[in-house]
Amino acid sequence: MKKMITMLAAVGALTLGAAPAQAAPKDPVRALESMLKPGRGVHVTDTVTGSDGTSTREAGSGKGVYGFGEKGLSGFDLTMEDDYGTQRVIATGKTVYRTGGLLKNVLPEDKPWLKRTGGGYPGGNAQIINPAEPKTVAALLKKGTSSKGSVTGTITVKDLKKVSSWASRLNGEQDDVKISYTLTLGSSGLVSRVRSTWELTELGESSIVTIDSRYTKWGSKVTIKAPDPKKVTTKLFG
């Protein structure tokens, strides 16, 4: 009987010891770097809201794709809706093409695309924080506080520009603006959602802008093509 009890106790100990260990969380920066391959990218959907402090309204939306190179973003194709209508922005390297929105009033009908150089943040309703940049993700993780799969923090535009090529061309007058952010991380370690909020002042009036972006299909095949050269111009009317 004593031998039986001893044997059962040993079996019980082995059973308890066999409980699976919790998997260590994946490094978001390394997870992102593994995605950065030419011909691959990520799909993005943006929702924009504005508030005057007492009421909140929908201010626009956007959707499209980011394309990757070996070191980061190589281009993008975004369509955005706002109070000025629909605009589309395509970037290949540092060349940017724009159409629609206010431009439809200052471009010829046969050449509806305006070509510029510079790259970076496309403006409009695009997310100001780009989670496809390893240095940006690393900085936000360092500055933020992690809790249950999300990272929350605050960063100034000036500090964001130091690590982000996407944000580097933002107006210097905005350097002191503080951006509150929340990154949501998926089980893969990749960012699945970015929510950013900041106060914007235009024509003496202040408003609180929030952009909520979702990221899906990380590493999927993405093709970004420049517009037909016959429909592109570098000049505005006048």
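The coordinates are above.
Rules of the game
Residues numbered from 1 in each chain as written. Predicted model: local features only at pLDDT ≥ 70, side-chain atom pairs only at ≥ 80, totals over all residues. Heavy atoms only, no water. Pairing = 2+ DSSP bridges. Helix = DSSP H or I, 4+ residues; strand = E, 2+ residues; numbered from the N terminus. Contact = heavy atoms within 4.5 Å. Axes fitted to C-alpha atoms, helices over the stretch in contact; angles between N-to-C directions. Phe/Tyr/Trp six-rings, centres within 6.5 Å; stacked < 30°, edge-to-face > 60°. 1 Å grid on protein atoms, 1.4 Å probe; cavity = no way out; pocket = protein on both sides within 12 Å on 5 of 7 lines; lining within 4 Å. Points joined across faces, edges and corners; volume = space filled by probe spheres on them. Buried < 20%, exposed > 50% of the residue type's maximum accessible area, 1.4 Å probe, protein only. Polar contact = N/O pair within 3.5 Å; in protein donor to acceptor, adjacent residues only side chain to side chain.

Caption draft 1: Here's a closer look at the sheet that holds strand S2 (residues 56-68). The twelve strands are arranged S7-S8-S9-S10-S11-S1-S2-S3-S4-S5-S6-S12 in an open sheet whose pairing can be described as mixed. Across the chains shown, the open sheet's two edge strands, defined by having one partner strand only, are strand S7 (145-147) and strand S12 (232-233). Relative to strand S8 (residues 150-156), helix H3 (residues 134-143) is tilted by about 100°, and along the sheet it contacts S7, S8 and strand S9 (178-185).

Caption draft 2: Representation of the pairing of strand S4 (residues 85-92) in the model. Two strands pair when backbone bridges link them, and strand S3 (residues 73-82) and S4 are joined in this way by eight bridges, in the antiparallel orientation. Bridge pairing links Gly 75 to Thr 92 in S4. Counted between consecutive antiparallel strands, the loop separating S3 from S4 contains two residues. Looking at chain direction, S4 and strand S5 (residues 95-100) are connected through six bridges and run antiparallel. The residue of S5 that forms the bridge with Ile 90 is Tyr 97. Hairpin connection, S4 to S5: the antiparallel pair is bridged by two residues, and Gly 93 has positive phi, about 65°.

Caption draft 3: Broad picture of the packing of aromatic side chains. Scanning the entire structure with this criterion turns up six aromatic pairs. Pairing Tyr 66 with Trp 166 gives two aromatic rings, centres 5.4 Å apart and planes at 55°, and the pair type is tilted. Remark: Trp 166 occurs in the loop between helix H4 (157-163) and S9 and Tyr 66 occurs in strand S2; sequence separation between them is 100 residues. Judged by centre distance (6.1 Å) and plane angle (75°), the ring pair of Tyr 121 and Trp 166 falls under edge-to-face.

Caption draft 4: Representation of the layout of surface pockets. Approximately 1300 Å³ is the volume attributed to the largest pocket. Around the largest pocket, the lining is made up of 38 residues, and of these Tyr 84, Gly 124, Asn 125, Leu 200 and Glu 202 lie nearest the centre. Contributing elements (two or more residues each) for the lining of the largest pocket: strand S1 (40-51), S2, S5, strand S10 (191-202) and strand S11 (205-221). Ranked by residues supplied to the lining of the largest pocket, first place goes to S11 with five residues. Secondary structure elements with two or more residues in the lining of the second largest pocket: S3, H3 and H4. With four residues, the top contributor of residues to the lining of the second largest pocket is S3.

Caption draft 5: Structural context of the environment of Leu 200. By secondary structure assignment, the location of Leu 200 is in strand S10. When its relative accessible area of 23% is taken as the criterion, Leu 200 is described as partly exposed. The spatial distance from the C-alpha of Leu 200 to the C-alpha of Val 177 is 8.1 Å, given a sequence separation of 23 residues. Dropping the residues within four chain positions of it, Leu 200 is found in contact with Gln 174, Glu 205, Ser 206, Ser 207 and Val 209.

Caption draft 6: Geometry of the side chain of Gln 127. Considering the arrangement of structural elements, one finds Gln 127 in the loop between strand S6 (113-117) and H3. Separated by 3.3 Å, the side chain of Gln 127 and the backbone nitrogen of Ile 129 make a polar contact.

Caption draft 7: Region of the structure containing empty space enclosed by the protein. Scanning the model with the defined rule gives one cavity of 30 Å³ or more in all. Lining of the largest cavity is provided by Pro 28, Leu 32, Pro 131, Val 137, Gly 189, Leu 190, Val 191 and Trp 218.

By themselves these figures say nothing about function.
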